[in-house]
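Geometric and topological summary
So the chains spell out like this:
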Amino acid sequence: TPKYKVSEQGAVKKQASEAKESFLKTYKPLVIVFTFILLASLAYQIGLSEFNKSIFMNHIMAGFFIGLSFFKFLDLKTFSESFSSYDPLAQRWLAYGVIYPFIELMLGLLFISGKFLLVANTLTILVLSLTTYGVYLRLQSKSKFQCACLGTTFNLPLSNVTITENIVMISMALYGLTAM
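The following paragraphs examine the structure supplied in this document. (Residues numbered from 1 in each chain as written. Predicted model: local features only at pLDDT ≥ 70, side-chain atom pairs only at ≥ 80, totals over all residues. Heavy atoms only, no water.)

Glancing now at the overall build of the chain. Across its full length, the chain holds 8 helices and 3 strands. Along the chain direction, N to C, the helices and strands of the chain fall in the order α-α-α-α-α-α-α-β-β-β-α. Relative to its full complement of 180 residues, the chain shows a buried share of 39%. A sequence separation of at least 24 residues applies to 66% of the contacts in the chain between residues at least 6 apart. (Helix = DSSP H or I, 4+ residues; strand = E, 2+ residues; numbered from the N terminus. Buried < 20%, exposed > 50% of the residue type's maximum accessible area, 1.4 Å probe, protein only. Contact = heavy atoms within 4.5 Å.)

See the structure below:
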């Protein structure tokens, strides 16, 4: 009938819509965490006489490190096991997986305080570069792994989202070093 038409284009649109919905459903916890961190960082800026990009980025980084370490502390043992499936240092030295959330918490506290930013930015670049490299290698192996970025409370797949998140944080740390 002329009223209905079957087309390949309709199937492609439907698949794209389902993929978008699936992406948002899968990464909903990460989107919510990021939104809260962004809103809190912007709220702080309202009290300033003018927008301060350095403080804003420090607060974003603090929020990420403190927030993400919180989820890791909920089940430290399982996190360290999951983390060691892709982080090169945690694979060689299992204690690093247990220490890592403490490093994140410390970095978050340094960024929120605005103190020792040379150390905080340098350590951020080193730690996240190593982890990003490990994620990249895992993704190249085409194996499915759980991302431990939100601990093991949420079942997030290890993906390019993890790499993007880390690269953004590394970029902000590099900016922080140049802005000193």
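With that out of the way, let us pick up the pattern of salt bridges. Counting across every chain of the model gives 2 salt bridges. Between Glu-104 and Lys-72 there is a salt bridge; the shortest N-O distance is 2.9 Å. With Glu-104 in helix 6 (residues 95–113) and Lys-72 in helix 3 (residues 53–73), this pair connects stretches of sequence that are 32 residues apart. Neither Glu-104 nor Lys-72 differs from the other in exposure class; each is buried. Residues Lys-77 and Glu-81 are paired through a salt bridge, measuring 2.8 Å at the closest nitrogen-oxygen approach. With Lys-77 and Glu-81 both in helix 4 (residues 76–83), this residue pair falls 4 residues apart, about one helical turn. The class for Glu-81 is partly exposed, based on a relative accessible area of 44%. (Salt bridge = Lys/Arg side-chain N within 4 Å of Asp/Glu carboxyl O.)

The subject of this paragraph is unusual backbone geometry. Negative phi is the rule for most residues except glycine; trans is the rule for most peptide bonds. A positive phi is found at Phe-116, a non-glycine position, where the angle reads about 55°. Here Phe-116 shows up in the loop between helix 6 and helix 7 (117–140).

Counting residues in hydrophobic clusters, the biggest one holds 41 residues, and the most contacted among them are Phe-83, Tyr-86, Tyr-96, Tyr-100, Phe-111, Leu-150 and Met-169. Looking at this core, the elements that each hand over two or more residues are helix 2 (28–46), helix 3, helix 4, helix 6, helix 7, strand 2 (149–152) and helix 8 (160–178). At 9 residues, the largest contribution of residues to this core is made by helix 3. Discounting residues that sit within four places of it in the chain, Tyr-86 has contacts with Gln-91, Thr-131, Gly-134, Val-135, Arg-138, Gln-146, Cys-147, Ala-148, Cys-149 and Leu-158. (Core = buried A, V, L, I, M, F, W, Y, C linked by side-chain atoms within 4.5 Å.)

With the rule as written, the count across this model stands at 13 aromatic pairs. Taken together, a centroid distance of 6.1 Å and an interplanar angle of 35° make the contact between Phe-83 and Tyr-96 tilted. Of this pair, Phe-83 sits in helix 4 while Tyr-96 is found in helix 6, placing the two residues 13 residues apart along the sequence. Exposure remark for Phe-83: the relative accessible area of 2% places this residue in the buried category. Classification of Tyr-96 as buried rests on a relative accessible area of 5%. Three or more aromatic residues joined by ring pairs form one cluster here, namely Phe-79, Phe-83, Tyr-86, Trp-93, Tyr-96 and Tyr-100. (Phe/Tyr/Trp six-rings, centres within 6.5 Å; stacked < 30°, edge-to-face > 60°.)

In this model helix 6 runs 27 Å from its N-terminal to its C-terminal C-alpha over 19 residues, within 8% of the 27 Å that 1.5 Å per residue would give. Within helix 6, burial applies to Tyr-96, Gly-97, Tyr-100, Pro-101, Ile-103, Glu-104, Leu-107, Gly-108, Leu-110 and Phe-111. Looking at the packing, one finds that the buried side of helix 6 touches helix 3, helix 4, helix 5 (88–92) and helix 7. Of the residues trailing helix 6, Gly-114 is marked for its positive phi of about 75°. (Expected span 1.5 Å × (residues − 1).)

So, on to helix 2. With 19 residues, helix 2 extends 27 Å from end C-alpha to end C-alpha; this agrees with the ideal 27 Å at 1.5 Å per step. Listed as buried for helix 2 are Pro-29, Leu-30, Val-33, Ile-37, Ser-41 and Gln-45. Buried residues of helix 2, viewed axially, fall in a sector of 150°; they line one side. Opposite its buried face, helix 2 presents the exposed residues Lys-28, Phe-36, Leu-39 and Ile-46, each directed more than 90 degrees away. (Arc of directions from axis to C-beta.)

Next up on the list: the environment of Phe-154. Looking at the secondary structure, you find Phe-154 in the loop between strand 2 and strand 3 (156–157). For the pair Phe-154 and Phe-71, spaced 83 residues apart in the sequence, the C-alpha separation amounts to 9.0 Å. Discounting residues that sit within four places of it in the chain, Phe-154 has contacts with Pro-29, Phe-71 and Gln-146.

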